[in-house]
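Spelled out from the first residue to the last, the chains are:
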Amino acid sequence: MRSYLVRRLLQAVPVLLLVTFLVFALMLAIPGDPARAFIGPGEVLDEEQLQLIRERHNLDEPVIVQYLIWLGNVLQGDFGRSTQNMRPVAEELGGRALVTLQFGLAAWILAVLIGVPAGIASAVYRGKPIDYAATVISIGGVAIPNFWLGIMAILLFGVGLGWLPSQGYVSLFDNPLQSLRHMILPAFALGVTSCALIMRQSRSAMLEVLAQDYLRTSRARGSRERTVIWSHALRNALLPVITILGLQTGRIFAGAIVIETLFGIPGTGQYIVQAIFARDFLVVQAAVLLMAVAVLAANLITDVACAWLDPRIKFGG
Amino acid sequence: MSIVPLASPLRASVSASLVLVAALQAVLVACAPGSRAERLDSDALVARPPAVGGPRYGGHLRVGHSLEPTSLDAILGRSGADAYFWRQLFDQLVDADPQLNPRPETSLATSWEIGTDPDSITFHLRQGVVFHDGTSFNAHAVKANIERILDPETVATPRASLAVIEAVEVIDDYTVRFDLARPWGAGFGMLADRGGVMSSPSAIEELGPDYGWNPSGTGPFRLKEVITGTLVRFVRNEDYWGRDEHGNQLPYLDEVTIRVIRDETVRAAALRTDEIDVTYLPYKDVSTFERDERVQMETMPGGGIALTLVFNVNKPPLDDVNVRLAIAHAVDPTVINRAIFFDRAIEADAGMWPVGSWVHEPDDERPYYDIDKARRYLAKAGRESGLEFTAVTHHNPLLVSSAEVVRAMLKKIGIHMDIDVLSSGPATERFNHGQEYPMFITSWSRYPEPDWMASLAYKSDGYYNPGNVLRPDVDELVELGASFYDNEARKRVYLEMNRTVLGEAWFTPLLYGVTYAAAPGKVRNLDQLMGWDGKMNFATIWLEE
Amino acid sequence: MASTTTTGSHPTVELLRKLAGVPQALAGLVVLALIAAAAVLSPWIVPVDAEEMDFDNLLSGPSAAHWLGSDQMGRDTLARLIVGARIALSVSLGAVGLGVLLGVPLGLLSVYFRGRVDDVLMRLMDALVTFPSLLIAVGLAAALGGSLQTVIIAIGIANVPWMARIIRSQGLSIRERDFVKAAESIGLSHGRIILRHILPNCIAPVIVQSTLSMGYAVLTEAALGFVGVGIQPPTPTWGNMLQQAFPMLEQQPLLSIVPGVAIFLLVLSFNCVGDALRDLLDPRLRGVIH
């Protein structure tokens, strides 16, 4: 177990280096003088000032040198300052990461809370209307653009019925109730794909369990059906659910970019798009690093959790 | 708490503007709801609460704004929109009214004299003003602030606007003289903007790079809290020197929170659901709020150039003035206004100094929509068979849609225009410096000081002059315009400049923007919200219970 | 393998016949065929020019002149929808094609060389997987400007690691099979073994993954268009139609509804066909490809 973990962590190092270097190179490939990116619209800096900016940010150095300087600083825990507002990048990104984490988690919870019971119900009542309904939803949920679902939800609940605030963000710490009300629609829009996948997986896992012999025998012995279903089936259904959650981490980040724009949520997704356009290299680098770490960590946790739940899986290749 | 006379003795050079200001104040007092007829002696000590004349002290104003500040240190900020934030924290050496007349009673300089041989301006400073960190405002602080901007190491954005200043001399604690390279009529406008913002020199020294987010000015509010990307909170500066027309100490509000809400639809929705108290409205929502009786609205016509064509006069195929004029005459702003701006913008009838600017004057000579004329110009250029080019615009939905309409209109005279959509930074840079595009479809901020526009966009070596064609006649006008101290003389110069800029189609402004501020009835003095530059000020806003 | 079972007629025809036997797949194929026909025939069937602005009918609802209404500039929604279909199909075909073109050879290289090369390639694939295709696209859009090519490249690159991984996992297991070992023992070259034995056996999962990826590519293009970094106006795409429609949600909701339904139908069709293909070609893939 320990050697497995060490190996996985060691494997992550070159991946992270690759990711950050690729992004670094991509950012520097954006045409134009990066020093001029410091000038806001309608503002002006003279050549003397621009030269100072170039020197201070090593903009005249070759790409690889700039990258190594960045890497050295990061290893010392210094992520630099945002060129957009001269504040420490770690601080800036941290606050926004919390926002994304908050509603990313909400999306997951919603997906699990709806997906697992619906999947199980559809398996237990196989061929009944409830099964058809769940199947249609699970097929549709994967095909529907999540941001469009968000738009439709805004149209229905926000504009039409006025039940929920259609947009905006309130911190959980400022006002928990308002915060949750604001989170429902975006979490729903973000979670619907995962929910559909979970529904589908837990249905087929459940069907497999229901078909197994030991279930028939235990039923024949007269033990209560409910207990059987929950104890055996849930554990089996959990595996694919965890796998999906792990795989979906990257897509949640991708979804967050769009959903945050749509609902006006000041999270990582919106921030990184803004930073790319502002050519705020250090912010983009740090955000990508954060995403990569999150995705790799989610994959690792998924694998470990699956192995722990299912003794048949060994820590091998 | 020290009490300062509201208005110090006036010098001859500013008396004219003061008369106007006094007249305006009289009108304001007369119009103010529930205001009393009598005016208090400005020297009177007024305890609070209650305030005299109607306003109520206290309350928390929640504001919705589209952009977060790039810095709270006004001179390091890189966006004009930063003013929404720093205006609350700072005072300028010279403040201005919407007509850009200096307004000494709200300025840190109470009076000034202009020297002509050699050129200089001597400022007499307000006494007893303290920075938020407790240190005193004086001539040494002015010198330190101006020198900080002029030092290239600071990388201050207003540096170019103060380039005329050769030296700053402290005469005594409350008198300071700017030695100038040439006459500087544009100076008051420049000092009313970021260039004249006064920070506490000791706070700057103490905090270094962190000063940008821990500012210490003399303004009506102090900074309480910044949550970047989300909000900035201000609290009342108990020691503020400013007084209203009744002599009440300003500001009235205890607290102001500016919440950053990027999406304009979200912002309007937040006003409707009472999550914020005041915001500027998107054009598409104005009519909805007009019908809403709970909401009052203030407008500022000419709060910017909503849509303009900018040409690179050096870039084929638009290097031919007749082709540019054909384009300028082929675009119908009426249709764009209706389709994209919900008829809420104003069709441009002059140059880049819009309605509301003191330099604005309707101009019959500039290009107006006339498709026959457009065809004639095209024929004159020998391009009846049509031509092709690519224009650039940036990611703003209003601009992209407008560009699409422009494309459809040019098609009618046989011009095929492709559109490149870039984000605003690269678009601006690639148009102005990369010289990659002959035309830029964009919007433009309202710069009340006309020299800013003239020296940046019209002068041959201007940062926003993409063609950089050497035009000694225009360059001379630009320098002349900046030098006169008399506004009427300046105006004549700028109108003369327009004949080239519009007549040769360097710029073809199509629509002037209108700023719509909306707030529920409890927000009072909303008419004083928009400052001379259209940015929000909260010093005189108060809230009904 | 299932794909190689033939009964006289051409295997592709046989496969299509089988697909048509699955109701969802049939429905999916019909919708795909309709959309493809509309896209291909668009120059002839589009009612009015998609860029034609009817300034007397701004933000109008359905009418005889505009069957699906018109947008802010009075452009016909149906016409724009049909032109948008062409873009959606080009992007999905282009991006998946690029993914296959790059991913399959990389996967084969991994299988062929194993060891150090495999390690390096797979770490590169891991790196690509960790950041979302949307982010690659935003970066490329910032660097090159949003256009059909950048969108195809961005989504295509995101497809590469999945293709490479599928080839690799299939290939590695096939490599261990007896017939490959036999081929090795009679001295066939590695390259020959890969092309003659391993590649053909990997085709089925690649086809399945490709079909499903096409649906995902349509979704990604729409998201890019909506964020404003995809293909830029005046070219109508379903994504940028939604972007321009969203601020008008209260004024004209139909504008936001129509392109969304189109995206949904197209993705749904790709997925239905993909699911059926997976079941027909190789049921074991159920757990491998989502």
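Please read these numbers as outputs of a predicted model, since none were measured by experiment.

About the cut-offs
- Residues numbered from 1 in each chain as written.
- Chains lettered and ligands numbered in written order.
- Predicted model: local features only at pLDDT ≥ 70, side-chain atom pairs only at ≥ 80, totals over all residues.
- Heavy atoms only, no water.
- Contact = heavy atoms within 4.5 Å.
- Buried area = accessible area lost by both parts, 1.4 Å probe.
- Salt bridge = Lys/Arg side-chain N within 4 Å of Asp/Glu carboxyl O.
- Polar contact = N/O pair within 3.5 Å; in protein donor to acceptor, adjacent residues only side chain to side chain.
- Helix = DSSP H or I, 4+ residues; strand = E, 2+ residues; numbered from the N terminus.
- Nonpolar A, V, L, I, M, F, W, Y, C, P; charged D, E, K, R; others polar.
- Pairing = 2+ DSSP bridges.
- Right-handed = clockwise from strand over helix to strand, strands pointing away.
- pLDDT = per-residue confidence, 0-100.
- Axes fitted to C-alpha atoms, helices over the stretch in contact; angles between N-to-C directions.
- Left-handed = near helix turned anticlockwise from the far one by under 90°.
- Expected span 1.5 Å × (residues − 1).
- Buried < 20%, exposed > 50% of the residue type's maximum accessible area, 1.4 Å probe, protein only.

**Brief notes about the interface of chain A and chain C**
- Contacts between the two partners involve 43 residues from chain A, matched on the other side by 39 residues from chain C.
- Buried surface at the junction of chain A and chain C, both sides included, amounts to about 3,800 Å², of which 83% is carbon and sulfur.
- Contact with chain C buries surface across chain A, with Ala143, Phe147 and Trp148 of chain A losing the most and accounting together for 14% of the total.
- Between the two partners, chain A and chain C, sit 1 salt bridge.
- Between Arg200 of chain A and Asp275 of chain C there is a salt bridge; the shortest N-O distance is 3.6 Å.
- Applying the counting rule to chain A against chain C returns 1 residue pair in polar contact (both at pLDDT 80 or more).
- Elements represented by at least two residues in the side of chain A that touches chain C include exactly helix 1 (2–29), helix 5 (129–143), helix 6 (146–160), helix 7 (176–211), helix 9 (225–263), helix 10 (268–277) and helix 11 (281–309) of chain A.
- For the side of chain A that touches chain C, the element with the highest residue contribution is helix 9 of chain A, accounting for 9 residues.
- Classifying every residue of the side of chain A that touches chain C by side-chain character gives 35 nonpolar, 6 polar and 2 charged.

**A few points about the pairing of strand 13 (residues 415–422) of chain B**
Residue and element names in this part refer to chain B.
- Relative to strand 13, strand 12 (residues 387–394) runs parallel, the two sharing 8 bridges. Residue pairing across strands places Thr390 opposite Asp418, the latter belonging to strand 13.
- Since strand 12 and strand 13 lie parallel, the crossover through helix 11 (residues 397–411) that links them has a hand, and here it is right-handed.

**Quick word on the interface of chain B and chain A**
- Facing 38 residues of chain B, the contacting portion of chain A comprises 35 residues.
- Around 3,300 Å² of area is buried between chain B and chain A when both sides are counted, 45% of it from carbon and sulfur atoms.
- Looking only at chain B, the three residues that lose the most surface to chain A are Arg78, Glu429 and Tyr463 of chain B, adding up to 21% of its buried area.
- Linking chain B to chain A there are 7 salt bridges.

**Description of the confidence of the model for chain C**
Residues and elements named next belong to chain C.
- Put simply, chain C has an average pLDDT of 85, and 93% of its residues get 70 or more.
- Note on residues 1–7: pLDDT is under 50 here. Beyond four places in sequence and across chains, it has 10 contacts.
- Two summary scores accompany this predicted model of the complex, namely pTM at 0.87 and ipTM at 0.84.

**Overview of the packing of helix 4 (residues 77–113) of chain C against helix 11 (residues 254–281) of chain C**
Residues and elements named next belong to chain C.
- At a minimum axis distance of 11 Å, the contact between helix 4 and helix 11 shows a crossing angle of 35°. Helix 11 is crossed by helix 4, and the crossing has right-handed handedness. Facing Thr77, Leu81, Ala88, Leu89 and Ser92 of helix 4, the residues of helix 11 in contact are Leu255, Val258, Pro259, Ala262, Leu266 and Phe270.
- Here the residues of the contact of helix 4 with helix 11 are counted per class, giving 9 nonpolar, 2 polar and no charged.

**Overview of helix 5 (residues 115–130) of chain C**
- The terminal C-alpha atoms of helix 5 of chain C, which comprises 16 residues, lie 23 Å apart, in line with the 22 Å expected from a rise of 1.5 Å per residue.
- Within the span of helix 5 of chain C, buried status applies to Asp118, Leu121, Met122, Arg123, Met125, Asp126, Ala127, Leu128, Val129 and Thr130 of chain C.
- Buried residues along helix 5 of chain C sit against helix 1 and helix 11 of chain A together with helix 4 and helix 7 (148–175) of chain C.

**Here we look at the pattern of salt bridges**
- The final tally for this structure, using the stated rule, is 54 salt bridges over all chains.
- A salt bridge links Asp292 of chain B to Arg294 of chain B; the nearest nitrogen and oxygen atoms lie 2.9 Å apart.
- Accessibility expressed as a relative area gives 16% for Asp292 of chain B, which makes it buried.
- Of the charged contacts, one joins Arg75 of chain C and Glu404 of chain B as a salt bridge, the two residues approaching to 2.4 Å between their closest N and O atoms. One end of the pair, Arg75 of chain C, is in the loop between helix 3 (42–45) and helix 4; the other, Glu404 of chain B, is in helix 11, on a second chain.
- Each of Arg87, Glu91, Glu92 and Arg96 of chain A together with Glu68 and Arg262 of chain B takes part in a single network of salt bridges with overlapping partners.

**Some points on the environment of Ile257 of chain C**
Residues and elements named next belong to chain C.
- With respect to the helices and strands, the residue Ile257 is situated in helix 11.
- According to the relative accessible area criterion, Ile257 is partly exposed, its value standing at 29%.
- Residues Ile257 and Leu242, spaced 15 residues apart in sequence, show a C-alpha to C-alpha distance of 8.4 Å.

**Let's talk about the side chain of Thr228 of chain B**
- Looking at the secondary structure, you find Thr228 of chain B in the loop between strand 6 (221–227) and strand 7 (231–236).
- A distance of 2.3 Å separates the side chain of Thr228 of chain B from the side chain of Glu92 of chain A, its partner in a polar contact.
- Apart from the residues lying within four places of it in its own chain, the contact partners of Thr228 of chain B are Asn85, Arg87, Glu92 and Arg96 of chain A together with Glu68 of chain B.

**Notes on unusual backbone geometry**
- For the bond from Asp117 of chain B to Pro118 of chain B, the omega torsion is -5°, close enough to zero to count as cis.
- Checked against the element boundaries, Pro118 of chain B lands in the loop between strand 2 (109–116) and strand 3 (119–125).
- In this structure, the amide linkage connecting Pro316 of chain B to the following residue, Pro317 of chain B, adopts the cis form with an omega of 0°.
- Inspection of the secondary structure puts Pro317 of chain B in the loop between strand 10 (295–311) and helix 8 (321–330).
- The phi angle at Asn58 of chain A is positive, at roughly 55°, despite the residue not being glycine.
- Secondary-structure assignment places Asn58 of chain A in the loop between helix 2 (47–56) and helix 3 (63–75).
- The backbone of Asn468 of chain B shows a phi angle near 50°, a positive value even though the residue is not glycine.
- Considering the arrangement of structural elements, one finds Asn468 of chain B in the loop between helix 13 (450–458) and helix 14 (472–483).

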